[in-house]
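# A closer look at the structure
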Amino acid sequence: MGIFCSEEEAALSGCALCPRGCGVNRLRGERGFCGAGSAVRAARAAPHFWEEPCISGERGSGTVFFSHCVLGCRYCQNAGISRGGGGFEVGEDELAGIFLSLEAKGAHNINLVTPTHYAPQIAAAIRRARGRGLLVPVVYNCGGYESVEGLRLLEGLVDVYLPDFKYWEDRYAVRYSRAPRYREAAAAAVEEMFRQVGEPVFGEDGMMKKGVIVRHLMLPGALYDSKRILDFLWKAYGNRIYISLMNQFTPMPGAQEFPELQNPLEQRQYEAMVAYLQSLGMENVFIQEGGTVGESFIPSFDGEGIIR
């Protein structure tokens, strides 16, 4: 396993890359909650145009969708790869080549989607890609259920952090994502991310080069939970980070047992939360307009950019 530094190898031999701290030895084939082994699995690598404007730009964000996930979200739009384990195995050198290929296609950045459980392998691949000339920023696009120790493997390698902050109350985190103590983990993760990359930096083209964008997907019936998350982020960071307030919740088959998740978020509820952000004085905010709900925004996980 000479491609890893000692910290990365230790992280895989006693896995604690997420707050679950399964402790499994993935180098020996053991698997924890997420289902990931020692080899990276990915399902798609292609320009993506549905991120925030400063991430997607005009040429798209070079997204790599990884298989498996440390969360168990019952409303996940990518369940086929997050829980189903779809995708294709790629080595670290091949992953570095995928990053370079996306840059060659004109992507503004490399966007790592659901990367938490592969942080050691990704760190090794980024180092290889940088050594081979990769210049565009690297975006870490995650669910927010991170361990600080795992994030520290990426220090100096990730330029933009794009985490979710899904829940404030533990009852929602456990009910919908099987993720106990989510709030504490997400708060510590955002703090570590901000420590690493600091306040937003943009290029002349308006693309983010450094910084943190925290996403919050509003859920039907959990409006007060949303308010408490936004209050916390405003008090802790003010306008030193960006907030992306999302209204695109789509009822999914995996959430059929939850009656409250069988309908999209009402537009009036979303508009009320946007107005609340404005009343706080938040300036660095991305909001979504109508037409974002629906499975048409879910890409095909057919191995594009992965299989050759």
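This text goes with the structure placed above it.
This write-up is about the structure you can find in this document. (Residues numbered from 1 in each chain as written. Predicted model: local features only at pLDDT ≥ 70, side-chain atom pairs only at ≥ 80, totals over all residues. Heavy atoms only, no water.)

## Describing the pairing of strand β6 (residues 160-163)
Quick note on the threshold: Throughout this description, buried means an accessible area under 20% of the type-specific maximum (1.4 Å probe, protein chains only), exposed means over 50%, and partly exposed covers the range between. Numbering goes from the N terminus for both helices and strands, where a helix is a DSSP run of H or I of at least four residues and a strand is a run of E of at least two. DSSP-based pairing: two strands are paired if at least 2 bridges between them are found.
Burial along β6 is two-sided: the residues Val160 and Leu162 and Tyr161 and Pro163 are all buried. With 4 bridges connecting them, strand β5 (residues 138-142) and β6 associate as parallel partners. Opposite Tyr140, over in β6, you have Tyr161 as the bridge partner. Pairing geometry for β6 and strand β8 (residues 208-217), over 2 bridges, is parallel. Within β8, the residue paired with Tyr161 across the bridge is Val212.

## Describing the pattern of salt bridges
Rule in force here: Only one rule defines a salt bridge in this text: a Lys or Arg side-chain nitrogen within 4 Å of an Asp or Glu carboxyl oxygen.
Going through the model one piece at a time under the given rule, you end up with 16 salt bridges. With a shortest N-O distance of 2.8 Å, Arg215 and Glu52 are connected by a salt bridge. On the criterion of sequence distance, the pair formed by Arg215 in strand β8 and Glu52 in the loop between β1 (40-48) and α2 (53-56) is long-range, its members being 163 residues apart. Taken individually, Arg215 and Glu52 each receive the classification buried, so the pair is uniform in this respect. Between Lys227 and Asp231 there is a salt bridge whose closest N-O contact spans 3.1 Å. Placement of both Lys227 and Asp231 in helix α9 (residues 223-237) is noted, with a separation of 4 residues, approximately one turn of the helix. What makes Lys227 partly exposed here is its relative accessible area of 28%.

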